[in-house]
Amino acid sequence: MLSAENRAKIIPTGLYAREIDKRTSTGASTDPYWCTNWTFVPRIYENEIILIDSYYQYSNSISYVLNDENINDFTLILNFDDVREVKQTTYQEYADDDRYQVACDSGGRRYPKYFVKKTASPNKEKQLYQVDSEIESLEYQLKRLKEKRKSIIESEEE
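First things first, this report covers the structure right here in the doc.

Quick notes on the rules
- Residues numbered from 1 in each chain as written.
- Predicted model: local features only at pLDDT ≥ 70, side-chain atom pairs only at ≥ 80, totals over all residues.
- Heavy atoms only, no water.
- Phe/Tyr/Trp six-rings, centres within 6.5 Å; stacked < 30°, edge-to-face > 60°.
- Helix = DSSP H or I, 4+ residues; strand = E, 2+ residues; numbered from the N terminus.
- Buried < 20%, exposed > 50% of the residue type's maximum accessible area, 1.4 Å probe, protein only.
- Pairing = 2+ DSSP bridges.
- Axes fitted to C-alpha atoms, helices over the stretch in contact; angles between N-to-C directions.

### Regarding the packing of aromatic side chains
Turning to step 1, where the next piece is worked out: Under the criterion given, the structure shown has seven aromatic pairs.
Turning to step 2, where the next piece is worked out: When the centroid spacing of 5.7 Å and the interplanar angle of 70 degrees are considered together, the rings of Phe-40 and Tyr-64 count as edge-to-face. Note that Phe-40 is positioned in strand β2 (residues 39-44) and Tyr-64 in strand β4 (residues 63-65), a separation of 24 residues in sequence.
Turning to step 3, where the next piece is worked out: Its relative accessible area of 10% is what places Tyr-64 among the buried residues.
Turning to step 4, where the next piece is worked out: Aromatic pair Tyr-55 and Tyr-56: ring centres 4.7 Å apart, planes at 90 degrees, arrangement edge-to-face.
Turning to step 5, where the next piece is worked out: Under the relative-accessibility criterion, Tyr-55 is labelled buried at 17%.
Turning to step 6, where the next piece is worked out: Chaining the aromatic ring pairs together yields one cluster made of Trp-38, Phe-40, Tyr-64 and Phe-74.

What follows is the structure in structure tokens.
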């Protein structure tokens with residue numbers, strides 16, 4: 001049973017993490033992440049709260065009925081009301097404590113979602129790092145193209 005005090009701790013728009021529970025498996029795979037993320041979204045009912053794995057978010061997913069004994073097995077990752085989804089390149093411009101990379105749908109860990117806090121602004125140092133990295137990459141590409149061009153010209157002269 002879940003006490004009223006613990007029930008009040010659950011954020012309806014939260015995403016929660018839990019350690020892998022090897023007793024709970026899906027399908028024939030030995031991979032604990034096969035069709036599961038081990039991140040959970042709450043389904044709040046009058047008499048109970050169920051945390052359902054975010055991979056599918058339906059009744060066939062791994063789920064746990066919350067009670068006072070297992071509530072501490074779950075940790076809040078983020079509140080979807082406090083973040084906005086962004087592209088990976090935008091995500092990289094924010095401070096580590098202002099951003100989240102999470103598996104929260106059937107894209108799983110291979111195709112995570114990127115979120116930043118709505119109240120956060122890009123981090124200047126990270127923005128400069130991103131720009132400098134792109135400049136370095138483009139300079140490298142330009143150098144290789146010039147070398148290729150030179151090689152083509154030299155091969156014509158032979």
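### Some remarks on the sheet that holds strand β6 (residues 83-86)
Turning to step 1, where the next piece is worked out: The strand order β6-β8-β7 describes an open sheet built from three strands, whose pairing is antiparallel. Looking at strand neighbours, the two that pair on one side only are β6 and β7 (99-102), the edges of this open sheet. Averaged over all adjacent pairs, the angle separating strand axes in this sheet is 30 degrees, with direction ignored.
Turning to step 2, where the next piece is worked out: Relative to strand β8 (residues 113-117), β6 is paired through four bridges, and the arrangement is antiparallel. Bridge pairing in β8 places Val-86 opposite Tyr-114.

### Concerning the sheet that holds β2
Turning to step 1, where the next piece is worked out: With antiparallel pairing, the five strands of this open sheet are ordered in space as β4-β3-β2-β1-β5. The open sheet has two free edges, formed respectively by β4 and β5 (74-79), since each of these has just one partner strand. On average, each strand axis in the sheet is inclined to that of its neighbour by 35 degrees, with strand direction left out of account.
Turning to step 2, where the next piece is worked out: Note that β2 and strand β3 (residues 49-53) share five bridges and pair antiparallel. Along β3, the bridge assignment pairs Ile-44 with Ile-49.

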